Amino acid sequence: MSGPALDELKQQIPLLDYLQAHDWQPTRHLSRGRLMGLCPLHCDHKPSFVVDPSKSLFYCYGCGRGGDVIRFVQDYYQVQFLPALTLFYQWRGLAPLVHEAAGFYRMQLERHGEAVEYLHQRGVRSPELIEHMQIGYAPGGGLRSWLMQLGHPLQALRQAGLVTAVGYDAYIHRIVFPL
């Protein structure tokens, strides 16, 4: 994802809005419009988490972590950059896209006996468990055309991390577990 596109994404959902949607509440108002409250990234007993809404940045004096809304998602869910973007997009409203991708992967699991055999080798044999956990299989091909036939633009697939920059499926020969 390009720098300008990432900046635009971060502007669409300010950090404070994201935090408040996740039940974070400030306990004090500081100078220059900054807010302080308990840190959602660690077990905090004294307010140490500062948010600057005008810059859409945070810093915790307790755990030393700070950054923008994407960094917060990475730290909060303990994921790398691309999975954090996917989580952020889901929260932002791309959940139907990810849900449809998960459905595609579940269909592929039924069609690829080698994937089912792999699960059996790993001790996952119960069809009820597989269905409950929504386990799927990414064969590496077909996801892009499937989702585009459902009306999702290629750019949305790229932004969600489902396809690479050149349009290939991001996951190839992988068992997948939707978040």
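Q: Please provide a residue-by-residue account of the side chain of His-152, values included.
A: Note on placement: His-152 falls in the loop between helix H7 (143-149) and helix H8 (154-159). Ignoring sequence-local partners within four residues, the contact set of His-152 consists of Leu-97, Glu-100, Leu-147 and Leu-157.

Q: Kindly report on helix H1 (residues 3-12), identifying the contributing residues and their values.
A: Turning to H1, its buried residues number three or more, namely Leu-6, Leu-9 and Lys-10. Along H1, the residues classed as buried sweep out an arc of 95 degrees about the axis, all on the same side. Set apart from the buried face of H1 by more than 90 degrees, the exposed residues are Pro-4 and Gln-11.

Q: Could you give an account of the packing of aromatic side chains, naming the residues involved and the relevant values?
A: Tallied over the entire structure, the rule returns eleven aromatic pairs. Pairwise contacts between aromatic rings join Tyr-18, Trp-24, Phe-49, Phe-58, Phe-72, Tyr-76, Tyr-77 and Phe-88 into one cluster.

Q: Please give an account of the environment of Ile-70 that cites residues and values.
A: Within the fold, Ile-70 resides in helix H3 (residues 69-77). Beyond its immediate chain neighbours, meaning those up to four positions away, Ile-70 contacts Leu-6, Leu-9, Lys-10, Phe-81, Ala-84, Leu-85 and Phe-88.

Q: I'd love a proper account of the nonpolar core, names of residues and values included.
A: If you look at the biggest cluster of nonpolar residues, it comprises 24 residues, and the most contacted ones within it are Phe-49, Val-51, Phe-72 and Phe-88. Put simply, the parts of the chain that give this core at least two residues each are H1, helix H2 (15-21), strand E3 (49-52), strand E4 (57-60), H3 and helix H4 (81-111). Here this core takes five residues from H4, the largest share from any one element. Contact partners of Phe-72, with chain neighbours within four places excluded, come to Leu-15, Tyr-18, Leu-19, Pro-40, Leu-41, Phe-49 and Phe-58. One finds Leu-97, Phe-104, Leu-147 and Leu-157 within the second-largest nonpolar core, a separate group that totals 13 residues.

Q: Could you give me a rundown of a nonpolar patch on the surface, with the residues and numbers involved?
A: Where nonpolar side chains cluster on the molecular surface, the patch consists of Leu-129, Met-133 and Phe-177 and spans about 260 Å² of accessible area. Mapped onto the secondary structure, Met-133 falls in helix H6 (residues 127-133). On the accessibility criterion, Met-133 (37% relative accessible area) is partly exposed.

Q: I'd like a description of H3, backed by residues and values.
A: Quick reminder: α-helices carry 3.6 residues per turn. Residues three or four places apart thus point the same way. For H3, the complete set of buried residues consists of Val-69, Ile-70, Phe-72, Val-73, Gln-74 and Asp-75. The N-cap residue of H3 is Asp-68: its side-chain oxygen and the backbone nitrogen of Ile-70 are 3.1 Å apart. After H3 finishes, the residue Gln-78 shows a positive phi value of roughly 55 degrees.

Q: Tell me what's going on with the pattern of salt bridges, and back it up with residues and numbers.
A: Overall, the coordinates contain one salt bridge when judged by the stated rule. With its nearest N and O atoms 2.6 Å apart, the salt bridge here joins Asp-68 to Lys-10. With Asp-68 in the loop between strand E5 (66-67) and H3 and Lys-10 in helix H1, the pair connects residues that are 58 residues apart, well separated along the chain. Take Asp-68 and Lys-10: they sit in the same class, and that class is buried.

Q: An account of the sheet that holds strand E1 (residues 28-29) is requested, with residue identities and associated values reported.
A: With antiparallel pairing, the five strands of this open sheet are ordered in space as E1-E2-E3-E4-E5. If you trace the sheet from one side to the other, it starts and ends with E1 and E5, each paired once. Where strand E2 (residues 35-37) and E3 come together, three bridges link them in antiparallel fashion. Looking across to E3, one finds that Leu-35 is bridged to Val-51. Strands in contact with H3 are E3, E4 and E5; relative to E4, the strand with the most contacts, it is inclined by about 40 degrees.

The rules behind each value
- Residues numbered from 1 in each chain as written.
- Predicted model: local features only at pLDDT ≥ 70, side-chain atom pairs only at ≥ 80, totals over all residues.
- Heavy atoms only, no water.
- Helix = DSSP H or I, 4+ residues; strand = E, 2+ residues; numbered from the N terminus.
- Contact = heavy atoms within 4.5 Å.
- Buried < 20%, exposed > 50% of the residue type's maximum accessible area, 1.4 Å probe, protein only.
- Arc of directions from axis to C-beta.
- Phe/Tyr/Trp six-rings, centres within 6.5 Å; stacked < 30°, edge-to-face > 60°.
- Core = buried A, V, L, I, M, F, W, Y, C linked by side-chain atoms within 4.5 Å.
- Patch = residues over 30% accessible without salt bridge, like charges linked within 9 Å, V, L, I, M, F, W, Y side chains within 5 Å.
- Areas by Shrake-Rupley, 256 points an atom, 1.4 Å probe, with all protein chains shown as cover.
- Salt bridge = Lys/Arg side-chain N within 4 Å of Asp/Glu carboxyl O.
- Polar contact = N/O pair within 3.5 Å; in protein donor to acceptor, adjacent residues only side chain to side chain.
- Pairing = 2+ DSSP bridges.
- Axes fitted to C-alpha atoms, helices over the stretch in contact; angles between N-to-C directions.

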